[in-house]
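# An overview of the molecular structure
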Amino acid sequence: MFSNRTGKVLVICFPYCLSEEKEAIEKYIASRLGFGVGFIDHGSYLPSELYDSWRGQYRSEDVLDYLSSLRLGSLTIAIIKEDAYVYGYNYVFGHADPKRGVCAVYTKRISGQGGDEYILRLVKETLHELGHLLGLDHCNNRECVMSFSRNLAEVDRKKPIYCSSCLAKLNKGIAGFR
Ligand SMILES: [Zn+2]
Ligand SMILES: [Zn+2]
């Protein structure tokens, strides 16, 4: 679909990503967005200051502040094996801050029994959050990867592809990263 972009997506894993996770993420980012991918296994968990011990979840706004402070580049996605929330929501599967070029996917609620089902969900949430960084908003097409997912059923209903309308906007967003 796209090819040979000079930009690169940086994927930082907390604490680390499995080889099957990395392979799938790299493959889908390359085929759907045309970006190369660099991986960092952070090796440790997120700083405890970002954790809301009363709720038992990370505060996603604080996580994005922390990621931004690492200054890893303008297309950074964190894969975090935890649960998190955004003010006003019980939980989120992912969260993006396009202005600062950072986003996160929280895998705890999508991991299920693992295996292919989990990998597909991980890929969808990764494409979704990167779509936000590249200028896309939520899409009303429920099969589009940019549709908003309130629960796992909605994650499973969407496909790991951008609809034609999102794809057109994506081309413009990507141009800025060439
Ligand atoms: Zn979203
Ligand atoms: Zn769409």
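Structure's up top.
Described below are features of the structure shown in this document.

So, how was this worked out
Within each chain, residues carry numbers counting from 1 in the order of the written sequence. Each chain takes a letter, starting from A, and each ligand takes a number, starting from 1, following the order in which they are written. Where local features are concerned, this predicted model is filtered to residues with pLDDT of at least 70; where side-chain atom pairs are given and counted, the filter is 80 or more; whole-chain, interface and lining totals use all residues. A run of H or I in DSSP becomes a helix once it reaches four residues, and a run of E becomes a strand once it reaches two; helices and strands are each numbered from the N terminus. Within these notes, the globule rule equals 2.2 Å times the number of residues to the 0.38 power, and the radius of gyration is based on C-alpha atoms. Three exposure classes are used, all based on how many other C-beta atoms lie within 10 Å of a residue's own C-beta (placed from the backbone): buried at 20 or more, exposed at 12 or fewer, and partly exposed between those limits. Remark: residues whose backbone-derived C-beta atoms lie within 7 Å of one another are considered to be in contact. Axis geometry follows a simple rule: fit a line to the C-alpha atoms, using only the stretch in contact for helices, then measure angles between N-to-C directions, giving values from 0 to 180 degrees. Comment on the angle field: the value is read as roughly parallel under 35 degrees, roughly antiparallel over 145, roughly perpendicular from 65 to 115, and oblique elsewhere. The sense of a crossing depends on the near helix, which, turned anticlockwise from the far helix by less than a right angle, makes the crossing left-handed and, turned clockwise, makes it right-handed.

A tally of helices and strands in the chain yields 5 helices and 8 strands. Going from the N terminus to the C terminus, the chain shows its helices and strands as β-α-β-β-β-α-β-β-β-β-α-α-α. For 178 residues, the compact-globule formula gives about 16 Å, and the C-alpha radius of gyration of the chain, at 15 Å, lands near that figure. For the chain, the spread of C-alpha atoms along the three principal axes comes to 45 × 35 × 30 Å. The buried share among the 178 residues of the chain stands at 38%. Long-range pairs, those at least 24 residues apart, make up 66% of the contacts in the chain between residues at least 6 apart in sequence.

The subject of this paragraph is the environment of Lys169. Checked against the element boundaries, Lys169 lands in helix α5 (residues 164-175). Residue classification places Lys169 among the partly exposed residues on the basis of 17 C-beta atoms within 10 Å. Sequence separation of Lys169 and Leu134 is 35 residues, and the distance between their C-alpha atoms is 8.8 Å.

So, about the packing of helix α1 (residues 19-33) against helix α3 (residues 115-133). When two helices pack together, their arrangement is captured by the angle between the axes and the distance separating the axes. Two elements in contact, α1 and α3, have axes separated by 10 Å at closest approach and are oriented at 45°. In terms of orientation, α1 and α3 fall into the oblique class. With respect to the hand of their crossing, α1 and α3 are arranged in right-handed fashion. Touching Glu20, Glu21, Ala24, Ile25, Tyr28, Arg32 and Leu33 of α1 are Ile119, Leu122, Val123, Thr126, Leu127 and Leu130, all from α3.

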